[in-house]
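Residue-level structural notes
One letter stands for each residue in the lines below.
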Amino acid sequence: MFGKITGLLANDYDEDGFRTCSVTGLDIHRSAEVHVKLFGLTALVALMIGGSFAFTVAMTRWETIGLIGEFGGYYRHLSMHAWNILIFWMVFMEIAVLYVGGPIVLGRKLPLTKVAKAGWAIMVAGALSVNYFIWTLSGGSDAPLLTAYVPLDVPLGFYIGAVVFLVGATIAALPFLVSIILEKREDWNGTLPLVAFGAFVTFVIAVQAILGGIAAFSYAAIWQMGIIDSINAGVYRQLYWIVGHGTQQINLLAMITVWYFLTHVVGGAVVASEKVSRTAFIMYMFFINLGAAHHLMVDPGLSAGWRIFNTSYAFYGAAFASMIHAFAIPAGLEAGRRQRGLGGGLFGWLTSAPWKNPIFVSTIFSIILFGFLGGITGVLMGQMQLNMTWHNTYATVGHFHATVALGTTLAFFGLVFFLIKTMFRRNFISSRLALVVPYGYAAAMGLASLLMVYIGILYGVPRRTSQVVTNIIGSEFSLSAAQPLFMILGPMTLLAIIVGAVFVLVSVGSVLFGSRTTKEDSQALLPQGGLVPDGGVDPIHKTEMRGTFALCLIFMATFVALYLLNWFLLTRLWSIGA
């Protein structure tokens, strides 16, 4: 079975199993390439499942359509959407990112291939189990299987399936770790390439998140089996959010690693400062997972000191690291393109970029929209006082769509397109449709995320109910003032789902029916002048980066304005019933 799946569109390798990529120049071994394809294709299946439930959820929250009634299983649909998009699509892709950032970038074989296959099989078994128990929840209950808070009545099989998936992900990541160990054994004093280093930090963050998830779900499973009589709901929530929010931190690290890789290969970026970028990655190891604290701000068992430390002093360490990447990546792009003489003036280096290349466009829109929407909203809602206007409102949904959909998913769209061109070695079945994906998805999901944030903060619309505009079930409150905004939000979410379907169509269609790429097709992906060393052809300090500096000033001005606005809104009452 594995031979049939992973042998899809196999490439020609030398007697040692290697081939030279015509785009990157990397020496790629068959074992690594085959497993990147395996995990990537499985991720696409999860995306299709999650995307289909995105339609039912969106058409329910758009109450003009109201697809699913209040007691018609809405939360099942939401859980199916969330687990398949937030977890399965992301984690399968992230294992592929580890294999690209490890053995492929290092020019090595993938060690422990049987372990990699076993990890894939266990992950698939866990994902199937979670989906089965969400969809077949007995007794007519509609328990929230997304967060699965105890002591709600959640099937034992759900918890076991979640643990199995997380264990499988850990096993699948082990070959990457071994490849890093082997590399360092051969050259202990050498430094890993920046992309490999970013992948390694992604691995470390993933271990932290996965251990928290295994602890949380195992704790709940032991309780469900009757081995222990009671469970501390507060302890469970803290354990759960290690993985519940920690998975987004894995997404963040994998996404930034993809940013460095793709801006270099298709945009011509260089690394502005290896030491600075590596320092930012290291800071993430110590601070990024503390962002999960904003989910616990209303928990009565946590002290004020704990809240203040996690949402200010410690959290700022992660924010500072993100600011470094926010400067370093566009700075590297500007420096690399200016060194090639590509565009003058303040923003000529950017306007002259390959805006007809869907790989480049997906990457750049991911950087911009994650920063301005996902990053800023994350810092705002992670601040203790401001969290009170965000917590469990629709604004939270807007934030994580800005991070997971606009940020990570767009970056992964670009990576999938890149793999189709370089590993599957297939042209797109339609270049125009491929280009529609980043432009259409960024526009539709960008506006949808903004509206979600606005609806949540300005009107206090909750995030966990299917029907709120007409009335909140069991109360006399009316939120009809928000209804006009839903008339825009509904079509935008529908458009984003349609564009997502186009992405799947182009990806699967290209793999199956796309024409074989030629040497000219491969060279067309490269920036003008081809690839250059990370530091560029000239000393980096001699290259002006005033365009990036101007963009950072715009970003900071936006950040300050929104920060002040949110503090102002904190002093106002929600317009409930207006």
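Residues numbered from 1 in each chain as written. Predicted model: local features only at pLDDT ≥ 70, side-chain atom pairs only at ≥ 80, totals over all residues. Heavy atoms only, no water.

Points about the packing of helix H12 (residues 358-381) against helix H15 (residues 431-459)
In a pair of packed helices, the angle between the axes and the distance between the axes together describe the arrangement. Running from N to C, H12 and H15 point in directions that differ by 10°, and their axes come no closer than 9 Å. With respect to their mutual orientation, H12 and H15 come out roughly parallel. Taking contact as the criterion, the partners of Pro358, Val361, Ser362, Phe365, Leu369, Leu373 and Thr377 in H12 are, on H15, Ala434, Leu435, Pro438, Tyr439, Ala442, Gly446, Leu450 and Val453. Per-class residue counts for the contact of H12 with H15 are 12 nonpolar, three polar and no charged. (Axes fitted to C-alpha atoms, helices over the stretch in contact; angles between N-to-C directions. Helix = DSSP H or I, 4+ residues; strand = E, 2+ residues; numbered from the N terminus. Parallel < 35°, antiparallel > 145°, perpendicular 65-115°, else oblique. Contact = heavy atoms within 4.5 Å. Nonpolar A, V, L, I, M, F, W, Y, C, P; charged D, E, K, R; others polar.)

A closer look at a nonpolar patch on the surface
On the surface, Ile429, Leu433, Val436, Leu505, Val508, Leu512 and Phe513 cluster together into a nonpolar patch covering about 630 Å² of accessible area. Looking at the nonpolar patch, the elements that each hand over two or more residues are H15 and helix H16 (483-513). Counting residues per element, the nonpolar patch draws most heavily on H16, which supplies four residues. With respect to the helices and strands, the residue Val508 is situated in helix H16. By relative accessible area, which is 31% here, Val508 ends up partly exposed. (Patch = residues over 30% accessible without salt bridge, like charges linked within 9 Å, V, L, I, M, F, W, Y side chains within 5 Å. Areas by Shrake-Rupley, 256 points an atom, 1.4 Å probe, with all protein chains shown as cover. Salt bridge = Lys/Arg side-chain N within 4 Å of Asp/Glu carboxyl O. Buried < 20%, exposed > 50% of the residue type's maximum accessible area, 1.4 Å probe, protein only.)

Some words on the nonpolar core
By size, the foremost hydrophobic cluster in this structure holds 173 residues, and its most contacted members are Trp83, Trp89, Phe158, Tyr159, Phe217, Tyr236 and Phe503. Top element by residues in this core is helix H3 (residues 74-106). It accounts for 23 residues. When neighbours within four sequence positions are excluded, Trp83 is seen to be in contact with Phe88, Val130, Ile134, Leu145, Leu146, Phe158, Ala162 and Phe217. Ranked by size, the runner-up nonpolar core spans 14 residues in total, among them Ile376, Val379, Ala395 and Phe555. (Core = buried A, V, L, I, M, F, W, Y, C linked by side-chain atoms within 4.5 Å.)

A few points about the pattern of salt bridges
Under the defined criterion, the tally for this structure stands at eight salt bridges. Where Arg108 meets Glu186, a salt bridge forms, and the shortest distance between an N and an O atom there is 3.0 Å. Here Glu186 lies in helix H5 (residues 156-186) and Arg108 lies in the loop between H3 and helix H4 (113-135), a separation of 78 residues in the sequence. Given the relative accessible area of 14%, Arg108 is considered buried. A salt bridge links Arg546 to Glu544, with the nearest nitrogen and oxygen atoms 2.6 Å apart. Residues participating in the shared-partner salt-bridge network are Glu334, Arg338, Glu544 and Arg546.

Some details on the packing of H4 against H5
Between H4 and H5, the shortest axis-to-axis distance is 7 Å and the interhelical angle comes to 160°. By the angle between their axes, H4 is roughly antiparallel relative to H5. Where H4 crosses over H5, the two elements pack in a sense that is left-handed. Note on element contacts: H5 touches H4 through Gly157, Phe158, Gly161, Ala162, Val164, Phe165, Gly168, Ala169, Ile171, Ala172, Leu174 and Pro175, opposite Val115, Ala116, Gly119, Trp120, Ile122, Met123, Gly126, Ala127, Ser129, Val130, Phe133 and Ile134. Class assignment for the residues of the contact of H4 with H5 results in 18 nonpolar, six polar and no charged. (Left-handed = near helix turned anticlockwise from the far one by under 90°.)

A closer look at helix H8 (residues 246-267)
The terminal C-alpha atoms of H8 lie 30 Å apart, and with 22 residues this matches the ideal 32 Å at 1.5 Å per residue to within 8%. Summarising burial for H8: 22 of the 22 residues are buried, a large majority. Backbone geometry just after H8 places Gly268 at a positive phi near 85°. (Expected span 1.5 Å × (residues − 1).)

A word on the packing of aromatic side chains
When we look at a pair of aromatic rings, we describe it by the centre distance and by the angle of the planes. Enumeration over the complete set of coordinates arrives at 34 aromatic pairs. Residues Phe92 and Phe165 carry aromatic rings whose centres are separated by 5.9 Å and whose planes lie at 70° to one another, so their mutual orientation is edge-to-face. Here Phe165 lies in helix H5 and Phe92 lies in helix H3, a separation of 73 residues in the sequence. Centre to centre, the rings of Tyr236 and Tyr240 are 6.3 Å apart; their planes meet at 25°, and the pair counts as stacked. Here Tyr240 and Tyr236 lie together in helix H7 (residues 233-244), a separation of four residues that amounts to about one turn. Residue Tyr236 is classed as buried on the basis of its relative accessible area, which comes to 0%. Under the relative-accessibility criterion, Tyr240 is labelled buried at 6%. Here Arg61 stacks its cationic end above the ring of Tyr394, 4.3 Å away from the centre of that ring. (Phe/Tyr/Trp six-rings, centres within 6.5 Å; stacked < 30°, edge-to-face > 60°. Lys NZ or Arg CZ within 6 Å of the ring centre and 35° of its normal.)

Points about the confidence of the model for the protein chain
Counting all residues, the mean pLDDT for the protein chain is 88, and 92% of those residues have values of 70 or more. Mean pLDDT values for the elements of the protein chain range from 48 in helix H1 (residues 2-6) up to 96 in H4. (pLDDT = per-residue confidence, 0-100.)

Looking at the environment of Thr363
Tracing the sequence through the fold places Thr363 in helix H12. For the pair Thr363 and Thr263, spaced 100 residues apart in the sequence, the C-alpha separation amounts to 7.2 Å. In contact with Thr363, other than residues within four places in its own chain, are Trp259, Leu262 and Thr263.

Concerning the environment of Val298
For Val298, the location among the structural elements is in the loop between helix H9 (274-287) and helix H10 (304-339). Residue Val298 is classed as partly exposed on the basis of its relative accessible area of 45%. In the structure, Val298 is positioned 89 residues away from Asn387 in sequence and 9.1 Å away in space, judged by C-alpha atoms. In this structure Val298 touches Arg307, Met388 and His391, once residues within four positions along its chain are discounted.

Looking at unusual backbone geometry
Working note: non-glycine residues mostly have negative phi, and peptide bonds are mostly trans. Going from Val150 to Pro151, the amide bond is cis rather than trans, its omega being 5°. Here Pro151 is to be found in the loop between H4 and H5. The backbone of Leu112 sits at a positive phi, close to 55°, despite the residue not being glycine. For Leu112, the position within the fold is in the loop between H3 and H4. In this structure Leu112 comes out as partly exposed when scored by relative accessible area, which is 42%.

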